[in-house]
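Chain by chain, the residues:
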Amino acid sequence: MGILEVKGINKRFGGLQALGDVNLSVAENTVHAIIGPNGAGKSTLLNVLVGKLIPDSGSVMFDGQSVLGRKPHEINQMGISRVFQTPEIFSDLSVFENVLIPCFAKRDGSFRMHAIESVFSEKAIHQQAEEILADVNMLEKRHMIASSLSRGDKRRLEMAMCLVQDPRLLLLDEPTAGMARADTENTINLLKEIRTKRGITMAIIEHDMNVVFSLAERITVLAQGTPLVEDTPDNIKGHPKVREAYLGEAQV
Amino acid sequence: MDQIILQILNGLDKGSAYALIALGLTLIFGTLGVVNFAHGALFMMGSFVAVTVSKLLTLSHKVVDETRTDFLGNPLQVDVPYIYDWFGEAAGNVMIDWAVPISILFAIPIMIGIGFAMERGLIKHFYKRPHADQILVTFGLAIVLQEVIKYFYGANPIPTPAPEAFTGSFDFGVAFGFDPNAIIYPYWRLVYFFFSVVVIGAVFAFLQFTTFGMVVRAGMADRETVGLLGIDIDKRFTIMFGIAAAVAGLAGVMYTPILSPNYHMGMDFLVLSFVVVVVGGMGSLPGAVLAGFLLGVLESFASMPWVIDIAPGINQIIIYLVAIIILLTRPRGLMGRKGVMED
Amino acid sequence: MLGLEKKDFRLMLIVVVLTLLAPFILNPFPEGSELAQFNAGYPDLMQRFVIFGILAIGFNILFGLTGYLSFGHAAFLGVGSYAAVWMFKLLSMNIVPAILLSVVIAGLFSLVIGFVSLRRSGIYFSILTLAFAQMSYALAYSVLTPLTGGETGLQPKASDVRLFDGALEAGENATPSLFGLAMRDTYEMSVGSWVFTFNFGYYVAAVMMILAFYISIRIFRSPFGMMLRAIKSNQTRMSYTGLNSKPYTLAAFVISGMYAGLAGGLLVAMDPQAGAERMFWTASGEIVLMTILGGAGTLIGPVLGAGFIKYFENIVSKINKATLEQWFYWMPDGIEDVMIAIVYPFVGKGWHLTLGLLFMLVVIFLPGGLVQGGQKIAAIFRRKKSSDAKDGATTPAE
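Per an unreviewed UniProt entry, chain C goes by the name Amino acid/amide ABC transporter membrane protein 2 (HAAT family) and belongs to Yoonia sediminilitoris. As its UniProt record puts it under Subcellular location (unreviewed entry), chain C is described as follows: "Cell membrane".

Naming follows an unreviewed UniProt entry, where chain B appears as Amino acid/amide ABC transporter membrane protein 1 (HAAT family) of Yoonia sediminilitoris. Per UniProt, chain B has the following entry under Subcellular location (unreviewed entry): "Cell membrane". In UniProt, chain B has this text filed under Sequence similarities (unreviewed entry): "Belongs to the binding-protein-dependent transport system permease family. LivHM subfamily."

Structure (C-alpha cells):
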C-alpha cells in the first residue's frame, strides 16, 4: 500500500480523453517518476493530485484519506507540497520571508489571526527558516528580494519553501524544464541531496530522461492518458513498449 | 398590459444609453485589456459637443433694426445669428432647430480625435501596468475632463432641446388598440432608441464584415497569436479606441434632449455602465448590449408605483442588486468569455 | 520598545511628536502676515488631518498589503458616521459609545460586504465594492431616510431620547464631549504675534490616530501582515503553501472597514452631523488617492497623503483672484495677467481639477507615492556621498 494511491481516474475534456483509467501507487520513501510523450496527460494527472482538477471518476487516496474535492491549501495541509514548472515564489518578498511563510503555514494551519505579535519574535520559526536556507546554500541571499534572484536560485528557493514544511510527498512538475545544462545538473544534485538527507517521498513529472534516470527509483510511463508500464529504471530502459511509445520518438 | 409596454418603452432609451456606453467599454476591455474609468467622461463630452454646436449656431452679432424702436424712441439693437447672414433666416432657423442632429457630424471626428489622443497619449503607457493603476489613472483623467468642462460651461445643466418636430409624443396606445393616452411616448426617445440600434448595428457590421473588424475580433480572442502573424494589432486597437470614444460621444450627443448635459453626468452613467458590462460578461459585445437594454428596462419596471409600494427604494438599487447576484452566481456574466480580466 | 523594531519605533516617535506638536508646527507664520493664509493650525483642519489619516491608514491595510483595490470604502465611513449620530441621539453626547458603535457597525457592515465581494478578485472586486457603496448611498438617500435623514442628513434634535443626558433644553446646542470635556474646547496661546490653538477635539482624534498608527505597524510586522503581502505577491503559491487566502483578505477588509468606521465616528464627534454624500463614490476615490499619493504599502505614506491632500484642498480652494494678483504683482502687467489666467483655473473652485491632475501625475510618474519619491531623492544624495568616499570601505545596504 503506497502513500499515494490513484485508482481508476478518468478525465475528459469535451471529446478528448485526457486520462483513461489511470492507476498509480507511489510507495513511501521512493522517488517515483511519471514520464510520457507530450500530451500523455502528465500535467492533467498532476492537477488532479493537487486539487486543481476534479476527475470524472476514480479515487485519489493520500495516506488513507481522499484528496478529491479538496482545495489546494487543504491538500497541502495534508502533507503534499508542489514544485512548479516555472518557480512559483512570492517575488515581491525577501528570500527569508518566502521561507518564513511556509513555516507559519505548517505550524498554524491554513489561517490564523496572528496580527499583533511580531514576526521577529518567532525564534523557533526563524531558526527553522535559516536552517533550510543554509541547506540550499542561500543563507547569504536571505535579504534579497526574490524577484531579483537568478532562475536557478528561484528554483532552489521554491524547493526550500516546500521542504521546510517537511512534506510527506513532494510533487515536482518538470523541475528542470527550460534550464541550461549546468542548472539542470545543479537541480539534480540538489534533489539527490534532499533525497539522501531527508528521505522525502517524491513524485516527479519529467521530460528529460537524464533527470529521470539519475533520480527515479520507480517509473510509470503514461501514453495517451493511460499508464503503459510501471517498473524500475533499468527495466524501463530496455522495455520494448516504452521504446515504441516514448524513447523511440526521442531517437528519431 | 399597457403598463408593461409603457415600462418597456421607458426603459429602452436609458437602456440604449447604457448599451452604447457599455459597448465602447467592452471594446476597450476586449481589445486593449484596459479598464477605462474615463469612458463616462467621453459620453459627457459628446453631450457638450452638442451644447457647443447649438451655442455656435446661435452666435450672434448686434444689428440696428431701423424698423423698430425701444421705448425711448431709439433704434432697437437686435441679435442676429451669423448663420442668418450666411444661409438666410429660414435655413438658419432650421439649422438652429436641428442643432442636436447636426452635432453628430461634428461629434464623430472630434470624439475619434479625443479617443486617439487619449490612447496614444496616456492609455498606451498603461498596457503593462497592473489593472489597479489603469483604473486609477483613468479615474484621475475622468476627474480632470469633467472639471475642465465645468470650468468652461459652468456647473448648471444646459438644456439643449430636440428639433421642434420631435418635441411631441407618440400615442402608442392607439396604435396597439389600447385606450388613447394609455401609452404616451415622446418622439425623441423613440428616435434615440432607433439611433442606438443603428449605431450598434454599424459597430457589429464593421466588426463582422470588414477585414479590419475580423483582425480586431481575432485580436480580442487571442492577441499574441495575431501579433505573431505579423499584423500590427496595436494600430488597429488605437482605431478601435477612437471608435469606442465616438460611440460614447454619439450616445451623449443624442441624449442631450433627454437629459440636460451637466459636467458630472459622465460619472453617473459610468458606474452603471460598468455594472452593465459586468452583468453582460466582461469582453462580450453582445452581452454588453443585451445587459444594457435589460437593465434599462428592469430599472424602469422597478420604478412602477406598485413595485415601489412592495419594495420601497428598489428602483434606486435594482441594477446594483442584479449585478451583485449575477457576479456571485454567474461570475462571468450573462455571456462572458473565459479568461477575460480574471487574473 | 512597545514590541517594535528600532526603526519602526523611531518612526512611531516622529509621528507622535509631530501630531502632538501640530498646533505649533502647522502655524509657522505670524498672525496677520501675508503668509498666514498658509497656516493650517486651526482646529477644524487639524482634526481633518488626523481623521483622514486614520481612514487612509486603514485603507492601506487592505490595498497596500493585499493589493485588493476597494472602490467603496467611503460606505464604511458613512455607516460609522450614522451610527455615531444615533448614539448621540439615543444615549448621550459622550463620544465613547458613539465611537465604539461606529467601529462595531462599520466592522459588521464590512464583514457582510467583504464576504460577498471577496468571492471575486481584481477588477471584479473593485466593481463589486463600487456597486455596494453606490447602493448604500442610494439607499441612504431614499428608503432609509428614517435612519439616515435622507437629503438633509442626520443630526441631534430637540426631540431626541438621550437616555443618559435627558432631553435638550430650549436653545441648547448638542455638543459632543468626552466625560464633560467638550470637543470644541479650545485654548489659544499667543506668543508675540503668533497664535497657537489647542483644541481638545483635535487631541482626542490625534490620540486615536497614534493608536491606529501603532496598531497598523504591529499588523505590518506581524505574520498576518506578511501573509497579506504574500497574497498580493502570488496567490497560487499561497494556496499551495497550505494557506487559505480568503479569511486573510476578509480579515484585512474588516479591519480596514473598522478603521473607516472609526474615522466616521470621529468626524461626527467633531461635528455632530452625517450625510449620505460622505458615501458617494468620489469620496471613495479620494481615500484611494490619499493612500496612493503618500505611498501604498508603506507605513507612513497614507498619513502623509491624507495630510497633503487635506492641506492643499484647504489652502488651494481658498485662493482667489485677489490672492493671485497679490502673488504676481511684481511681474510686468501683461505677464501678470497671463500668469493669473493660467493659474486661476486650478485654484479656488478649481481644486478638483488640481486634484485630478495630481492623481494622474502620481500614478504615471510616482506609483510608489511620496515615500518612494523621498527614497529616490535620498538615494541620489547617498550615491553622491558614496561616490565621494569611493575609497572607503563599502558596507552592504541593509
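## Digging into the overall build of chain B
Tallying secondary structure elements over chain B gives 15 helices and 4 strands in all. The C-alpha radius of gyration computed for chain B amounts to 22 Å, which stays within 12% of the reference 20 Å derived for 343 residues, consistent with globular compactness. Taking the intrachain contacts of chain B between residues at least 6 apart in sequence as the baseline, contacts between residues at least 24 apart amount to 75%.

## Some thoughts on the overall build of chain C
The helix and strand inventory of chain C stands at 17 helices and 4 strands. For chain C, the spread of C-alpha atoms along the three principal axes comes to 75 × 70 × 45 Å. Within chain C, the proportion of its 398 residues that are buried is 49%. Counting contacts in chain C only where the partners sit at least 6 residues apart, residues at least 24 apart contribute 74% of the total.

## Regarding the arrangement of the chains
Most contacts, when the 2 pairs of chains in contact are compared, are made between chains B and C. Separated throughout, chain A and chain B approach each other most closely at a C-alpha pair spaced 14 Å apart.

## Digging into the sheet that holds strand β7 (residues 169-173) of chain A
Each strand in a sheet pairs with its neighbour through backbone hydrogen bonds, running either in the same direction (parallel) or in the opposite one (antiparallel). Residue and element names in this part refer to chain A. Judged by pairing direction, the sheet is mixed, and its 6 strands sit side by side in the order β6-β7-β8-β3-β9-β10 without closing on themselves. Pairing within the sheet leaves two strands with one partner each, and these edge strands are β6 (80-83) and β10 (226-231). Strand-to-strand, the axes of this sheet are offset by a mean angle of 20 degrees, without reference to chain direction. Of the pairings in the sheet, the one linking strand β9 (residues 218-223) to β10 comprises 5 bridges and is antiparallel in character. Each bridged residue has a counterpart across the sheet, and for Leu222 the counterpart in β10 is Pro227. Each of β3 (31-35), β7, β8 (201-205) and β9 touches helix α1 (residues 42-49); the most contacted strand, β7, lies at about 145 degrees to it.

## Quick look at the interface of chain A and chain C
With 29 residues of chain A at the interface, the matching set in chain C holds 26 residues. If one sorts the elements of the side of chain A that touches chain C by residue count, helix α3 (residues 95-108) of chain A sits on top with 6 residues. Residues of the side of chain A that touches chain C, tallied by class, amount to 16 nonpolar, 7 polar and 6 charged.

## With respect to the sheet that holds strand β1 (residues 4-13) of chain A
Residues and elements named next belong to chain A. Spatially, 4 strands are ordered β2-β1-β4-β5 in an open sheet, and the strand pairing comes out antiparallel. Each edge of the open sheet is held by one strand with a lone partner, namely β2 (16-26) and β5 (65-66). In terms of strand pairing, strand β4 (residues 57-62) meets β5 through 2 bridges, oriented antiparallel. Considered in β5, the bridge of Phe62 is made with Gln65. Here α1 sits on the sheet and contacts β1, β2 and β4; the angle it forms with β2, its principal contact strand, is near 60 degrees.

## Looking at the UniProt feature "transmembrane region" (unreviewed entry) in chain B
When the UniProt feature table is mapped onto this chain numbering, "transmembrane region" (unreviewed entry) sits at residues 16-35, 98-123, 190-216, 237-258, 270-294 and 306-328 of chain B. Helix makes up 86% of residues 237-258 of chain B and strand 0%. Its end C-alpha atoms lie 32 Å apart.

## Description of the environment of Ile340(C)
All names here are of chain C. Assignment of secondary structure puts Ile340 in helix α15 (residues 333-343). Between the C-alpha atom of Ile340 and that of Arg218, which follows or precedes it by 122 residues, the distance is 48 Å. What Ile340 contacts, discounting residues up to four positions off in sequence, is Lys321, Leu324, Glu325 and Phe328.

## Quick look at the interface of chain C and chain B
Each partner contributes to the interface: chain C provides 35 residues, whereas chain B provides 32 residues. In terms of residues, the side of chain C that touches chain B owes the most to one element, helix α6 (residues 122-141) of chain C, which gives 12 residues.

## Notes on the domain arrangement of chain C
Interface size is often expressed as the accessible area that is lost when the parts come together. All names here are of chain C. Here chain C is described as being made up of domain 1 (6-295) and domain 2 (319-388). The C-alpha centroid of domain 2 is placed 28 Å from the C-alpha centroid of domain 1. Each partner contributes to the interface: domain 1 provides 5 residues, whereas domain 2 provides 8 residues. Counted by class, the side of domain 1 that touches domain 2 contains 3 nonpolar, 2 polar and no charged residues.

## Brief notes about the nonpolar core
By size, the foremost hydrophobic cluster in this structure holds 298 residues, and its most contacted members are Ile54(C) and Leu55(C). For this core, the element with the highest residue contribution is helix α11 (residues 245-270) of chain C, accounting for 16 residues.

## A word on unusual backbone geometry
All names here are of chain A. Here the phi dihedral of Asn137 falls at roughly 60 degrees; this positive angle occurs in a residue that is not glycine. As for its placement among the helices and strands, Asn137 is situated in the loop between α4 (123-135) and α5 (151-163). On the basis of neighbour counts, which here come to 13 C-beta atoms within 10 Å, the residue Asn137 falls in the partly exposed class. A positive phi angle, close to 50 degrees, is found at Gln224, a residue other than glycine.

## Focus: the packing of helix α1 (residues 6-20) of chain C against helix α8 (residues 200-221) of chain C
Residue and element names in this part refer to chain C. Orientation of α1 relative to α8, taken along the N-to-C sense of each, is 165 degrees, at an axis distance of 10 Å. In terms of axis orientation, α1 runs roughly antiparallel to α8. For the pair α1 and α8, the sense of crossing is right-handed. Every residue of α8 that contacts α1 at Asp8, Met12, Val15, Val16, Thr19 and Leu20 is listed here: Ala206, Met209, Ile210, Phe213, Tyr214, Ile217 and Arg221. Of the residues assigned to the contact of α1 with α8, the class counts are 10 nonpolar, 1 polar and 2 charged.

## Let's talk about the pairing of β8(A)
Residues and elements named next belong to chain A. Counting buried positions along β8 gives 5 out of 5 residues, so the element sits mostly inside the fold. Of the two faces of β8, the one lined by Thr201, Ala203 and Ile205 and the one lined by Met202 and Ile204 are each fully buried. Of the pairings in the sheet, the one linking β3 to β8 comprises 4 bridges and is parallel in character. Bridge pairing links His32 to Ala203 in β8. Here 5 bridges tie β7 to β8, and the two strands are oriented parallel to one another. When the sheet's bridge partners are listed, Leu170 is paired in β8 with Met202.

## Some remarks on the confidence of the model for chain C
Residues and elements named next belong to chain C. Per-residue pLDDT for chain C has a mean of 85; in total, 96% of the residues score no lower than 70. Note on residues 390-398: pLDDT is under 50 here. Beyond four places in sequence and across chains, it has 0 contacts. In the predicted assembly, ipTM is 0.88 and pTM is 0.88.

Cut-off values and rules
- Residues numbered from 1 in each chain as written.
- Chains lettered and ligands numbered in written order.
- Predicted model: local features only at pLDDT ≥ 70, side-chain atom pairs only at ≥ 80, totals over all residues.
- UniProt positions renumbered as here; feature names shortened; annotations may be inferred.
- Helix = DSSP H or I, 4+ residues; strand = E, 2+ residues; numbered from the N terminus.
- Rg over C-alpha atoms; globule rule 2.2 N^0.38 Å.
- Contact = placed C-beta atoms within 7 Å.
- Buried ≥ 20, exposed ≤ 12 C-beta atoms within 10 Å, placed from the backbone.
- Pairing = 2+ DSSP bridges.
- Axes fitted to C-alpha atoms, helices over the stretch in contact; angles between N-to-C directions.
- Nonpolar A, V, L, I, M, F, W, Y, C, P; charged D, E, K, R; others polar.
- Domains from an automatic or database assignment.
- Core = buried A, V, L, I, M, F, W, Y, C linked by C-beta atoms within 7 Å.
- Parallel < 35°, antiparallel > 145°, perpendicular 65-115°, else oblique.
- Left-handed = near helix turned anticlockwise from the far one by under 90°.
- pLDDT = per-residue confidence, 0-100.

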